[in-house]
Amino acid sequence: RLEGQKNQVEKQIQLLRSNMEEYEEIREKERHDLDRLSAQNASLQKKCNIFKDKIKSLNEKNKAWEVSYKAQSDDLVFHGMEISRLNGQVSDLKARLIRQGSGRYLVNRNELA
């Protein structure tokens, strides 16, 4: 009976040793996975920060271009209005010249005939 208990205890000890070895292997694998994932996470964080900086830079450039295009657009509108105003003045001056010069034009025309 004592021999049977001894064999049973030895089997349990052997099972425990086997379980411990398995757990040590699992723990070692998890440690390795943790190291690998930590390095991968650090690399991805670095890339993320680079992308954030690039996006920030592009947003700043985009804002500067937006301001520039708005100023150019405002200038075009202003110059368009100024051109329209000046064209109106030219039309008025032409009309005045035609009215003032119509008598002269007729006189000159009669002189040629």
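Because the structure is a prediction, the values reported are computed rather than measured. (Residues numbered from 1 in each chain as written. Predicted model: local features only at pLDDT ≥ 70, side-chain atom pairs only at ≥ 80, totals over all residues. Heavy atoms only, no water.)

Draft legend 1. Broad picture of the overall build of the protein. Along the protein, the regular secondary structure elements total 1 helix and 0 strands. Across the 113 residues that make up the protein, the buried fraction comes to 0%. As presented, the protein carries roughly 11,000 Å² of accessible surface, and 58% of it is formed by carbon and sulfur atoms. (Helix = DSSP H or I, 4+ residues; strand = E, 2+ residues; numbered from the N terminus. Buried < 20%, exposed > 50% of the residue type's maximum accessible area, 1.4 Å probe, protein only. Areas by Shrake-Rupley, 256 points an atom, 1.4 Å probe, with all protein chains shown as cover.)

Draft legend 2. Up close: the packing of aromatic side chains. This structure, assessed with the given rule, holds 1 aromatic pair. Ring plane angle 75° and centroid distance 6.3 Å describe the contact between tryptophan 65 and tyrosine 69, whose orientation is recorded as edge-to-face. Taken as a pair, tryptophan 65 and tyrosine 69 lie in helix α1 (residues 2–112) at a separation of 4 residues, close to a single helical turn. Residue tryptophan 65 is classed as exposed on the basis of its relative accessible area, which comes to 55%. (Phe/Tyr/Trp six-rings, centres within 6.5 Å; stacked < 30°, edge-to-face > 60°.)

Draft legend 3. Up close: a nonpolar patch on the surface. On the surface, Ile50, Phe51 and Ile55 cluster together into a nonpolar patch covering about 300 Å² of accessible area. Looking at the element boundaries, phenylalanine 51 is found in helix α1. (Patch = residues over 30% accessible without salt bridge, like charges linked within 9 Å, V, L, I, M, F, W, Y side chains within 5 Å. Salt bridge = Lys/Arg side-chain N within 4 Å of Asp/Glu carboxyl O.)

Draft legend 4. The arrangement of the pattern of salt bridges in detail. Applying the stated rule across the entire model yields 7 salt bridges. For arginine 27, the salt bridge identified is with glutamate 24, shortest N-O distance 3.5 Å. Here arginine 27 pairs with glutamate 24, and both are found in helix α1, just 3 residues apart, close to one helical turn. Overall, the relative accessible area of 43% leaves glutamate 24 in the partly exposed class. Salt bridges here are not isolated pairs; linked through shared partners, they connect Lys29, Asp33 and Arg36.

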